[in-house]
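# Working through the structure, step by step
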Amino acid sequence: MTAPSATIAARASVVHVGRPRWFGDALTIAWRNVLNIRRNPELLVFSTIQPVIFVLMFTYVFGGAIKVPGVRYIDYLMPGIFVQTVVFGSLTTGVGLAEDLQTGLIDRFRSLPMARSAVLVGRTFADLLRNVFVVALMAVVGYLVGWRPDQSALSVLAGLGLVLAFSYSLSWLFANVGLYARNSETAQAISFPIMAPLVFASSAFVPVATMPAWLQTFAEHQPVSVVVDAVRGLTYGGATTQEVLAAVAWIVGIVAVCAPIAVRKYRQVV
Amino acid sequence: MPAPAILAEDLVKTFGDVEALKGVSFGAPTGTVLGLLGPNGAGKTTALRILTTLLRPDRGRAEVLGVDVTVDPVGTRMSIGLAGQNAAVDANLSGRENLRLVGRLTHLPSAEIKRRSDALLEQFDLTRAENRLVRTYSGGMRRRIDLAAALVHRPPVLFLDEPTTGLDPRSRTDLWGTIEDLVADGTTVLLTTQYLEEADRLADRIVVIDHGAVIAEGTATELKGRLGNTVIEVGFGDAAGVARATEQLARLGAISTDGHQLRLSVTNGAAAMLAAVRALDAADLQPLTLALREPTLDDVFLSLTGHAAEEPTPSEDDDASPTGTRRGRRTKTGMAST
């Protein structure tokens with residue numbers, strides 16, 4: 001312990017506490033969240049093992065039974081796997097936020113002179129970085145089991161970029177779930193019923209045309225299908241401008257709606 | 001008298017139909033420690049959350065260093081530190097990284113963050129553990145790093161929400177020493193606690209809160225003074241003994257009972273002790289224990305809340321009812337805090 005006299009002397013020095021800086025604060029939070037991801041590698045492994053199993057399962061188990069005209073199933077499947085991976089991965093944004101609320105870390109943040117938006121902006125940014133890693137890994141796994149895009153490298157990269165942009169928009173959606181749930185178990189429980197129909201009632205694994213008519217309308221226009229179709233076109237067979245624009249519209253729309261609501265909810269959360 | 005560093009004026013806060021605070025007022029002059037004492041659900045944490053800008057009051061005024069916290073929340077956050085009962089640090093970061101996190105979020109220059117971190121890790125005896133992840137820390141170490149994190153930016157006003165709840169006695173005593181050092185340093189501290197001993201040891205003034213209202217206020221000595229100078233404690237093997245002894249001893253002073261124990265508050269300890277012994281002996285009562293001691297804040301709490309036991313039994317639902325201001329459970333809670 002320092003003697004009181006020494007600390008009194010130290011107190012005389014000026015303290016340079018500064019006012020909020022939204023960009024710097026968001027970077028600091030992102031730094032902290034990236035460290036969290038690195039310190040829990042099992043979470044990262046878990047979130048990549050599941051899509052790898054899906055790739056193997058759909059390629060070698062179900063793949064033989066699913067016939068998509070005019071394309072090898074692996075080339076049809078991979079865009080769906082990419083999108084499915086980031087959809088399920090975005091769960092961690094909500095669960096992580098709920099955990100921070102639960103432990104009281106958010107209370108500390110809210111008592112500091114930092115930008116109100118930083119906790120959310122920083123976390124969604126860190127989750128985006130994680131997804132860059134996961135998507136790159138999935139691309140390698142896909143290549144190993146025979147995925148061969150027939151479009152230009154630039155077009156394929158644009159497709160993967162679209163996947164990442166979609167993952168970022170979903171982080172904002174599930175940030176709301178986390179802030180609403182306030183604990184990680186509830187956040188998970190709420191998230192699954194949102195994700196399952198989006199992922200499975202979509203064009204991710206099978207053509208929408210094979211579904212019953214009443215489901216097709218939903219399946220065709222919901223964001224997962226729209227993004228998967230665009231990525232599929234960008235990687236195999238060629239995409240129309242309209243497909244890509246529809247995907248971008250969904251992504252921009254989700255962020256435009258979910259981000260302000262989440263920031264507002266964060267300010268108010270007790 | 002200068003403006004108090006911490007001021008709460010008639011704070012009211014309602015959650016749904018539960019009145020967490022029903023017009024609470026208190027103040028702490030610069031450089032002093034104010035203890036908010038009360039059982040769980042009394043409203044202490046709500047008051048602290050309002051003063052630290054985490055919660056807006058429905059009514060009333062909350063000031064830190066003369067500034068209304070609802071008018072200038074950012075300015076308030078620049079001059080306060082908060083350490084919570086849940087040790088709100090990032091368990092997946094090391095001790096040093098946690099301090100760096102707070103240093104960056106308070107926008108200190110990096111050289112200053114380094115200097116402050118070195119000094120705090122040293123002061124809190126965490127230098128050897130500075131690079132270990134906090135999730136590997138013991139409970140006491142977690143509280144220390146939590147407190148250190150609240151001090152990185154040298155806040156002149158510090159809020160401690162039940163800083164030692166759940167700690168073992170040794171860690172608690174250590175943390176008390178640390179808090180005393182901070183106070184010697186001129187920091188103004190608001191401390192919430194359910195431990196009477198903690199308030200007694202650390203606080204210059206104590207505000208006793210229950211069911212969202214202040215039920216007593218004063219220095220530890222003043223609060224104890226309400227009870228007379230001395231307490232005679234008589235223990236029996238059963239409640240019947242307590243009841244019979246109460247009859248015999250009631251003329252000697254104020255009596256509060258609790259299970260198999262009876263506490264008699266008196267002004268002249270030695271004489272009263274003799275009288276008590278004679279009275280018990282004459283009634284052929286054989287106590288298991290008999291002791292003369294200085295009053296503690298436990299006695300204060302029991303006597304402040306002891307009326308409750310004599311009133312019609314309220315429902316067991318502690319937190320939901322906005323009406324009960326005098327409740328039987330307080331006696332039990334007061335005991336649980338010892």
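Look up: the structure comes first, before these words.
Reference entry: report on the structure contained in this document. (Residues numbered from 1 in each chain as written. Chains lettered and ligands numbered in written order. Predicted model: local features only at pLDDT ≥ 70, side-chain atom pairs only at ≥ 80, totals over all residues. Heavy atoms only, no water.)

## Topic: helix 11 (residues 223–235) of chain A
Residue and element names in this part refer to chain A. The end-to-end C-alpha separation of helix 11 is 18 Å, in line with the 18 Å expected for 13 residues at 1.5 Å each. Within the span of helix 11, buried status applies to P223, V224, S225, V226, V227, V228, A230, V231, R232, G233, L234 and T235. Looking at the buried positions of helix 11, the neighbouring elements they touch are helix 4 (73–89), helix 8 (153–181), helix 9 (184–200), helix 10 (213–221) and helix 12 (241–268). One or two steps after helix 11, the chain reaches G237, where phi turns positive at roughly 90 degrees. (Helix = DSSP H or I, 4+ residues; strand = E, 2+ residues; numbered from the N terminus. Expected span 1.5 Å × (residues − 1). Buried < 20%, exposed > 50% of the residue type's maximum accessible area, 1.4 Å probe, protein only. Contact = heavy atoms within 4.5 Å.)

## Remarks on the sheet that holds strand 9 (residues 205–210) of chain B
Residue and element names in this part refer to chain B. Strand order in the open sheet formed by 6 strands is 6-7-8-3-9-10, with mixed pairing between adjacent strands. The sheet is open, and its two borders are formed by strand 6 (80–83) and strand 10 (213–218), each paired with just one other strand. Adjacent strand axes in the sheet meet at a mean angle of 15 degrees when their direction is disregarded. Seen against the sheet, helix 5 (residues 139–151) touches strand 6 and strand 7 (157–161) and runs at an angle of roughly 165 degrees to strand 6. (Pairing = 2+ DSSP bridges. Axes fitted to C-alpha atoms, helices over the stretch in contact; angles between N-to-C directions.)

## A word on the interface of chain B and chain A
At the junction of the two partners, chain B supplies 44 residues and chain A supplies 38 residues. For chain B, the biggest contributors to the area lost against chain A are L105(B), H107(B) and R154(B); these three give 18% of the whole. For the pair chain B and chain A, the interface holds 4 salt bridges. Among the salt bridges present, the one from D90(B) reaches R32(A), with a minimum N-O distance of 2.5 Å. The interface formed by chain B and chain A contains 17 residue pairs in polar contact (both at pLDDT 80 or more). (Buried area = accessible area lost by both parts, 1.4 Å probe. Salt bridge = Lys/Arg side-chain N within 4 Å of Asp/Glu carboxyl O. Polar contact = N/O pair within 3.5 Å; in protein donor to acceptor, adjacent residues only side chain to side chain.)

## Some points on the pairing of strand 13 (residues 261–266) of chain B
Residues in a regular strand project their side chains so that they alternate between the two faces of the sheet. Residues and elements named next belong to chain B. Most of strand 13 sits out of view: 5 of its 6 residues are buried. Inspection of the sheet shows strand 11 (residues 230–235) paired to strand 13 by 6 bridges, in the antiparallel sense. In the strand pairing of strand 13, V231 is matched with S265. Bridge count for strand 12 (residues 254–258) against strand 13 is 5 bridges, and the pairing is antiparallel. In the sheet register, D258 faces strand 13, and the bridge partner there is Q261. Hairpin geometry of strand 12 and strand 13 is characterised by an intervening segment of 2 residues between the two adjacent antiparallel strands and by a positive phi of about 60 degrees at G259.

## Some words on the packing of aromatic side chains
Tallied over the full model, the rule gives 10 aromatic pairs over all chains. With centroids separated by 5.9 Å and ring planes inclined at 55 degrees, the aromatic side chains of F54(A) and F205(A) adopt a geometry described as tilted. On the criterion of sequence distance, the pair formed by F54(A) in helix 3 (residues 41–62) and F205(A) in the loop between helix 9 and helix 10 is long-range, its members being 151 residues apart. Neither residue differs from the other here; F54(A) and F205(A) are each classed as buried. Residue placement shows R148(A) over the ring face of Y143(A); its charged tip is 3.8 Å from the ring centre. A cation over a ring is seen here: R172(B) above Y195(B), with NZ or CZ 4.0 Å from the ring centre. (Phe/Tyr/Trp six-rings, centres within 6.5 Å; stacked < 30°, edge-to-face > 60°. Lys NZ or Arg CZ within 6 Å of the ring centre and 35° of its normal.)

## Quick look at the sheet that holds strand 11 of chain B
All names here are of chain B. Taken together, 4 strands build an open sheet; the order of strands is 12-13-11-14 and the sheet is antiparallel. Among the strands making up the open sheet, the edge pair consists of strand 12 and strand 14 (289–293). Sheet twist, expressed as the average angle between the axes of neighbouring strands with direction ignored, equals 15 degrees. The sheet strands contacting helix 9 (residues 239–249) are strand 11, strand 12 and strand 13, and the helix crosses strand 13 at an angle near 15 degrees. Packing against the sheet, helix 10 (residues 269–282) makes contact with strand 11, strand 13 and strand 14, and its axis sits at approximately 165 degrees to strand 14.

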